Amino acid sequence: PYVTLFHWDTPQVLEDEGGWPSRDIVDPFAEYVEAVSARLGDRVTHWITHNEPWVVSWVGHGWGHHAPGRESDADALATAHHLLLSHGRAVEILRRNSPEAQIGITLNLDNPYAASESPEDVAATRWVDGLHNRWFLDPLFRGSYPDDMLEAWAKIMPEVRDGDLELISTPIDFLGVNNYTSPLVAADDNGGRSQIVRRADVDRTDMGWEVVPDGLQDLLLRLHRDYAPPAI
């Protein structure tokens, strides 16, 4: 069995106390991981700490489309950091309580493509890559947040304490990859950092995702080249 410890189901009592934007949630999450792994650690062979922390952070806290419906970039960034921090805590606990198991985290990742070779479209595509991918991959595998994104978000960054990034980058055994599509990105003429360009010549899923098979191949090759997870 592969057990996912957190798939967006925050207890209401913890949400009422501040939820994921509050660093205080990390300790209760660690207590939860301790309890579950103490009970099941001798039988579970694969643990996933979090499923798609990007969705929790941005869709739930930045854009308000998912629970808890917050619309705050600062809350999204704080949520992302605390999810990653709690992941690091979980890995330490699982190593102790389930020493024979494989431990990883699952990210929803894509391979953004620039709509043209113009510097503006290329810069917009790098922004989307930073938002979707590098903000989670870099701390997990390199122990740092990407410099360009740190500069952009400097005024709303959460507190990052000494030792946080070392804990977040605790080695894992595998990276879970959920890939739904790979966006075509252009500069935003309306003053934003980027816009997604709708392709005219691709199939779409029932949810409207563009089917981009090459995106999965390019994503997996990129992950292997740039981050070298032990397994995917």
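Residues numbered from 1 in each chain as written. Predicted model: local features only at pLDDT ≥ 70, side-chain atom pairs only at ≥ 80, totals over all residues. Heavy atoms only, no water.

Caption draft 1: The packing of helix H3 (residues 53–62) against helix H5 (residues 119–142), seen in detail. One can describe the packing of H3 onto H5 by two numbers: an axis separation of 10 Å at closest approach and a directional angle of 130°. Overall, the two elements H3 and H5 adopt an arrangement that is oblique. Both H3 and H5 take part in a crossing whose hand is right-handed. Residue-level contacts link Pro-53, Trp-54, Ser-57 and Trp-58 of H3 to Leu-131, His-132 and Phe-136 of H5. A breakdown of the residues in the contact of H3 with H5 according to their chemical character gives five nonpolar, two polar and no charged. (Axes fitted to C-alpha atoms, helices over the stretch in contact; angles between N-to-C directions. Helix = DSSP H or I, 4+ residues; strand = E, 2+ residues; numbered from the N terminus. Parallel < 35°, antiparallel > 145°, perpendicular 65-115°, else oblique. Left-handed = near helix turned anticlockwise from the far one by under 90°. Contact = heavy atoms within 4.5 Å. Nonpolar A, V, L, I, M, F, W, Y, C, P; charged D, E, K, R; others polar.)

Caption draft 2: Geometry of the pattern of salt bridges. With the rule as written, the count across this model stands at 17 salt bridges. The closest approach of N and O atoms between Arg-89 and Asp-27, which form a salt bridge, is 3.0 Å. With Arg-89 in helix H4 (residues 73–97) and Asp-27 in helix H2 (residues 26–40), the pair connects residues that are 62 residues apart, well separated along the chain. Judged by relative accessible area, which is 43%, Asp-27 ranks as partly exposed. Its salt-bridge partner being Glu-159, residue Arg-161 comes within 3.2 Å of it at the nearest N-O pair. (Salt bridge = Lys/Arg side-chain N within 4 Å of Asp/Glu carboxyl O. Buried < 20%, exposed > 50% of the residue type's maximum accessible area, 1.4 Å probe, protein only.)

Caption draft 3: Region of interest: a nonpolar patch on the surface. Together, Tyr-180, Met-207 and Trp-209 give the surface a local cluster of nonpolar side chains, amounting to about 370 Å² of exposed area. Mapped onto the fold, Trp-209 is located in the loop between strand S7 (195–197) and helix H8 (213–226). Judged by its relative accessible area of 36%, Trp-209 is partly exposed. (Patch = residues over 30% accessible without salt bridge, like charges linked within 9 Å, V, L, I, M, F, W, Y side chains within 5 Å. Areas by Shrake-Rupley, 256 points an atom, 1.4 Å probe, with all protein chains shown as cover.)

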